[in-house]
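If you want the building blocks of each chain, they are given just below.
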Amino acid sequence: MDGIHQFVPMLHQGDAVGRHALRLRDLLRARGIESRIYVETPDPTTDDETEHYTAYGERAQPGDVLVYQFATASGLAPWLAGRTEILVVNYHNVTPPEEYAAWDNGLARHQLLARQQLAQLARRSALAVAVSAFNQSELRQAGYAATAVVPPAAMLGVREGNHGAPPEMGARWISVGRLAPNKALQLAVMALAVTRLHRDPEATLSVVGRPVVPAYTAALRAFIDAMGLHDAVTLRGACDDDTLAAAMADADMLVMTSTHEGFGVPVVEAMAQGLPVVANRAAALPDIVGDGGLLADATDPYAFAGAVARILDDATLRARITDAGRAQVAALDLASAGDRLADLLVGVR
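All figures in this text were calculated on a predicted structure; none of them were measured in a lab. (Residues numbered from 1 in each chain as written. Predicted model: local features only at pLDDT ≥ 70, side-chain atom pairs only at ≥ 80, totals over all residues. Heavy atoms only, no water.)

## Examining the overall build of the protein chain
Basically, it comes down to this: Runs of H or I in DSSP of at least four residues are treated as helices and runs of E of at least two as strands, each being numbered from the N terminus. Two things to know: the radius of gyration comes from C-alpha atoms, and the globule rule equals 2.2 Å times the number of residues to the power 0.38. Partly exposed describes any residue whose relative accessible area lies between the buried limit of under 20% and the exposed limit of over 50%, with all areas from a 1.4 Å probe on protein chains only and scaled to the type maximum. Working rule for contacts: check all heavy atoms of both residues, and any pair within 4.5 Å makes them a contact. A 1.4 Å probe and the Shrake-Rupley method give the accessible areas. Residues count as covered only by the protein chains that appear here. By the counting scheme adopted, Arg and Lys are positive, Glu and Asp are negative, and His together with the chain ends is not counted. Charge placement uses NZ in Lys and CZ in Arg. For Asp and Glu, CG and CD serve respectively.
The number of helices and strands found in the protein chain is 12 helices and 13 strands. Here the C-alpha radius of gyration of the protein chain, 21 Å, is about what a compact globule of 349 residues would show, namely 20 Å. With the C-alpha coordinates of the protein chain rotated into their principal frame, the extents come out at 65 × 40 × 35 Å. When each of the 349 residues of the protein chain is scored for burial, the buried share is 54%. A separation of at least 24 residues holds for 69% of the contacts in the protein chain among residues at least 6 apart in sequence. Here the protein chain has roughly 14,100 Å² of accessible surface; of this, 51% comes from carbon and sulfur atoms. Within the protein chain, the 40 negative side-chain charges are centred at a point lying 3 Å from the centre of the 29 positive side-chain charges.

## Describing helix H3 (residues 105–120)
The line we're drawing: The span expected for a helix works out to 1.5 Å for each residue beyond the first. Any N or O atom pair separated by 3.5 Å or less is treated as a polar contact, with the protein-specific requirement of one donor-capable and one acceptor-capable atom, and with residues adjacent in sequence counted only for side-chain atom pairs.
Over its 16 residues, H3 extends 23 Å from the first C-alpha to the last, a length consistent with the 22 Å expected when each residue adds 1.5 Å. By the burial criterion, the buried members of H3 are Ala108, Gln111, Ala114, Gln117 and Leu118. Along its buried surface, H3 packs onto strand E4 (65–70), helix H2 (76–81), strand E5 (86–91) and helix H4 (133–141). One side-chain oxygen of the residue at the start of H3 lies 3.1 Å from the amide nitrogen of Gly106, identifying that residue as Asp104.

## Quick notes on the pairing of strand E12 (residues 277–280)
Regular strands show a simple pattern: their side chains alternate between the two faces of the sheet. So the rule is basically this: Note: two strands are recorded as paired if DSSP finds a minimum of 2 bridges between them. The crossover handedness rule: strands pointing away from the viewer, path from first strand over the helix to second strand clockwise, crossover right-handed.
The alternating pattern of E12 places Val277 and Ala279 on one face and Val278 and Asn280 on the opposite face, and all of these are buried. By the bridge criterion, three bridges tie strand E11 (residues 253–256) to E12 in an arrangement that is parallel. Counterpart to Leu254 in the pairing with E12 is Val277. After leaving E11, the chain enters helix H8 (residues 265–272) and then returns to the sheet as E12, a path that is right-handed.

## Focus: the packing of aromatic side chains
The cut-off we apply is this: The aromatic pairing rule takes the rings of Phe, Tyr and Trp, using the six-membered ring of Trp, and pairs them if the centres are within 6.5 Å, calling planes under 30 degrees apart stacked, those over 60 edge-to-face and the rest tilted.
Taken as a whole, this structure holds nine aromatic pairs when the rule is applied. Ring centres of Phe7 and Trp79 lie 5.5 Å apart, and the angle between their planes is 45°; this geometry places the pair in the tilted category. Linking Phe7 in strand E1 (residues 4–8) with Trp79 in helix H2, this pair joins segments that are 72 residues apart in sequence. We classify Trp79 as partly exposed; its relative accessible area is 22%. Pairing Trp103 with Tyr216 gives two aromatic rings, centres 5.3 Å apart and planes at 85°, and the pair type is edge-to-face. One end of the pair, Trp103, is in the loop between E5 and H3; the other, Tyr216, is in helix H6 (residues 214–226), and 113 residues separate them in sequence.

## Re the sheet that holds strand E8 (residues 172–176)
Where we set the bar: Inter-axis angles, ranging from 0 to 180 degrees, are taken between N-to-C directions of lines fitted to C-alpha atoms, where helices are fitted over the stretch in contact.
In space, the six strands of this open sheet follow the order E10-E9-E8-E11-E12-E13, with parallel pairing throughout. Whereas interior strands pair on both sides, the edge strands pair on one side only; in this sheet they are strand E10 (233–237) and strand E13 (294–296). Each strand of the sheet is rotated relative to its neighbour by a mean of 25°, with strand direction disregarded. Two strands pair when backbone bridges link them, and E8 and strand E9 (residues 204–208) are joined in this way by five bridges, in the parallel orientation. Considered in E9, the bridge of Val176 is made with Val208. Against the sheet, helix H10 (residues 301–313) engages E8, E11, E12 and E13, with an angle of about 160° to E12.

## What to know about the sheet that holds strand E2 (residues 37–39)
Pairing is parallel across the open sheet formed by seven strands, whose spatial order is E3-E2-E1-E4-E5-E6-E7. What marks the edges here is a single partner per strand, and that holds for strand E3 (51–52) and strand E7 (147–149). Sheet topology places E2 next to E3; two bridges connect them, and they run parallel. Each bridged residue has a counterpart across the sheet, and for Tyr38 the counterpart in E3 is Glu51. Along the sheet, helix H12 (residues 337–347) contacts E1, E4, E5, strand E6 (127–130) and E7; its crossing angle with E6, the most-contacted strand, is approximately 175°.

Here's what the structure looks like:
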């Protein structure tokens, strides 16, 4: 039987691309379609969910659809370019190389290669699916003719939090995402410093996400210490889905200061559970947040801290924002995203 199979450089447990790939596989199998996940590099935590991509050749069928979950450069791109099966690129975002150049030149070159590989696959692909309109524009610039937008099928289960009335002092900020330069966490730290100086001296920031660039992580820790915020900012590292959902449920505010973001799953998860959001006015964030949060220039710590203060100080605004956030999540219709993507994949067979 012809199948629809996914190819991922590495299937990470708990990240947005990994959850998306597993969800899509399960939906395809539920429709009676053979579907496997093939990787270039196994991850010990997901090894039982994947096979090495070289094993695909023994099972290949002429009518197969191959789905490349594209978020980084890998040896899969030239290998897929040489196959004859139908190819669909599911594009999750590639951070521009200049975001990494100051911190890790090798990683910056890797990002440049990813951009080149994205363009090289344009002629080979029957369809390219972006997770946001922002990323769809990048696909068109890379030369893709047939494109569509379907959000990632990667939402955590919604866990309601006690987000009604934040404390007068000691508001709990949370930021969720990899410790990577494009997340610009130093901007969140600066906004927190402004807040503690002028409004809430007990405000704290919890950062949940795995380190990516050692030089950036070290610099971020040094910056936190230099700002006198060692006791106010906690870098929690990676955590499982239940721990993350609980951390968001306990927070008073989600802050997203990314300078480049292809979608922003944590923003959507926050809006779904009624956690107020303040996000940088950059990349895909304005489209994803919509009216469900406040947008501010994160490079201006006073403007960003002011947006946080507006929500925390104004119960009417906070209620309007949280209601609009839930409406925005409903408009994105993430619950059906996997099925919508599956429909597109079946349609190209």
